[in-house]
Amino acid sequence: MKVTKSDFIISAVKPEQYPIEGLPEIGLAGRSNVGKSSLINTLINRKNLARTSQKPGKTQTLNFYLINELLYFVDVPGYGFAKVSKKERDAWGRMIETYLTDRDQLKAVIQIVDLRHAPSNDDVVMYDWLKHYEIPVIVVATKSDKIPKGKWQKHLKVVSQTLKIEPTDRLVTFSSHTGQGKEDVWSAIKSYL
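Quantities reported herein were computed from a predicted structural model and do not represent experimental measurements.

Thresholds, definitions, all that
- Residues numbered from 1 in each chain as written.
- Predicted model: local features only at pLDDT ≥ 70, side-chain atom pairs only at ≥ 80, totals over all residues.
- Heavy atoms only, no water.
- Helix = DSSP H or I, 4+ residues; strand = E, 2+ residues; numbered from the N terminus.
- Expected span 1.5 Å × (residues − 1).
- Buried < 20%, exposed > 50% of the residue type's maximum accessible area, 1.4 Å probe, protein only.
- Arc of directions from axis to C-beta.
- Pairing = 2+ DSSP bridges.
- Right-handed = clockwise from strand over helix to strand, strands pointing away.
- Core = buried A, V, L, I, M, F, W, Y, C linked by side-chain atoms within 4.5 Å.
- Contact = heavy atoms within 4.5 Å.
- Phe/Tyr/Trp six-rings, centres within 6.5 Å; stacked < 30°, edge-to-face > 60°.
- Salt bridge = Lys/Arg side-chain N within 4 Å of Asp/Glu carboxyl O.

Draft legend 1. Spotlight on helix H3 (residues 121-132). Here H3 is 12 residues long and its end C-alpha atoms lie 16 Å apart, about the 16 Å a rise of 1.5 Å per residue gives. Taken together, the buried positions of H3 are Asp123, Val124, Met126, Tyr127, Leu130 and Lys131. The buried residues of H3 all sit within an arc of 165° when viewed along its axis, so they share a single face. Set apart from the buried face of H3 by more than 90 degrees, the exposed residues are Asn121, Val125 and His132. Following H3 by one or two positions, Glu134 adopts a phi angle in the positive range, close to 55°.

Okay, here's the thing in C-alpha cells:
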C-alpha cells in the first residue's frame, strides 16, 4: 500500500475515547522493545510518527494512528519487560482486553516477535488468547537483518512451532532496518480489510 497520509489521532484508555468513524482497525501487539513503533514507522514511511524508545514499557495507552484516512493502526501497550507495579499491569491488562474483545472495528492483530529468539511464554499466551477470541493474527518476526538469510527458515520454524501458528495465520519475516517484508505485511493487512 502506498501511504500518503498518516496521523497520530489519540491515546485512549477507555472505549469512550476511541475514534468513532467506524473505520477498520489493525491492532499491534508484542513484548516491550520488540520493535512495534519501528514496524509502524516503516509501514507508513515515516521516521518518528510512532515514538521509539530505549526504555521498555513506554506505551501505556492504546495509540490510534489514522492511515490514508482508510484505516487505523492501534498500538497496544507492550507486554513483558515493563517495570511497573502489578496494579498498573492489571489495569493495562483490562484496558487491552476490553479493546481486543469488544471492538467491532478490529479486523486483525499483528503480533510482533523477535526472529532471533524463540517466542516467550508471554508471546505464546498472547497468541493463544487471540485465537481463543477468534481474532485473526498476522505474526511478524522482526529484526531479520540481525540474522544471516540462510538461517531465517530455521528461526521461522522455531517461531511457528513455539506459537503453534495455525495455517490460516500469516507469518512474515520483517526488518525495519532494510524494509524487508514490508509489502508482505501490507498484503496480509489488506486481506483482512
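Next comes the rest of the description.
Draft legend 2. Summary view of the pairing of strand E7 (residues 170-173). Where strand E6 (residues 137-142) lies against E7, four bridges are found, and the strand directions are parallel. In the sheet register, Val139 faces E7, and the bridge partner there is Leu171. Since E6 and E7 lie parallel, the crossover through helix H4 (residues 152-163) that links them has a hand, and here it is right-handed.

Draft legend 3. The arrangement of the nonpolar core in detail. Formed by 32 residues in total, the largest nonpolar core has its most connected members in Leu62, Phe64, Tyr99, Leu100, Val139 and Leu163. Where this core is concerned, the elements lending two or more residues are strand E3 (62-67), strand E4 (71-75), helix H2 (86-102), strand E5 (106-114), H3, E6 and H4. For Val139, the residues in contact, after removing those within four places along its chain, are Gln111, Val113, Tyr127, Val159, Leu163, Ile165, Arg170, Leu171 and Val172. In terms of nonpolar packing, the next biggest core, distinct from the first, is built from 25 residues, Ile40, Ile44, Ile110 and Ile112 among them.

Draft legend 4. Just the packing of aromatic side chains, in detail. This structure, assessed with the given rule, holds seven aromatic pairs. Ring plane angle 85° and centroid distance 6.0 Å describe the contact between Phe64 and Tyr72, whose orientation is recorded as edge-to-face. For Phe64, a relative accessible area of 0% corresponds to the buried category. Seen in terms of ring centroids, Phe64 and Tyr99 are 6.0 Å apart; in terms of plane orientation they differ by 90°. Their pairing is edge-to-face. Here Phe64 is found in strand E3, whereas its partner Tyr99 is found in helix H2, with 35 residues between them in sequence.

Draft legend 5. Inspection of unusual backbone geometry at higher detail. Despite not being glycine, Asn45 shows a phi value in the positive range, around 60°. For Asn45, a relative accessible area of 46% translates into the label partly exposed. The backbone of Lys143 shows a phi angle near 65°, a positive value even though the residue is not glycine. With respect to the helices and strands, the residue Lys143 is situated in the loop between E6 and H4. On the basis of relative accessibility, which here comes to 22%, the residue Lys143 falls in the partly exposed class.

Draft legend 6. Looking closely at the pattern of salt bridges. Counted under the stated rule, the structure contains nine salt bridges. Of the charged contacts in the structure, one is a salt bridge between Glu69 and Lys5, with a shortest N-O distance of 3.5 Å. Taken together, the positions of Glu69 in the loop between E3 and E4 and Lys5 in the segment before strand E1 (6-12) put the pair 64 residues apart, joining distant regions of the chain. When the shortest N-O distance is used, the salt bridge between Lys131 and Asp169 registers 2.8 Å.

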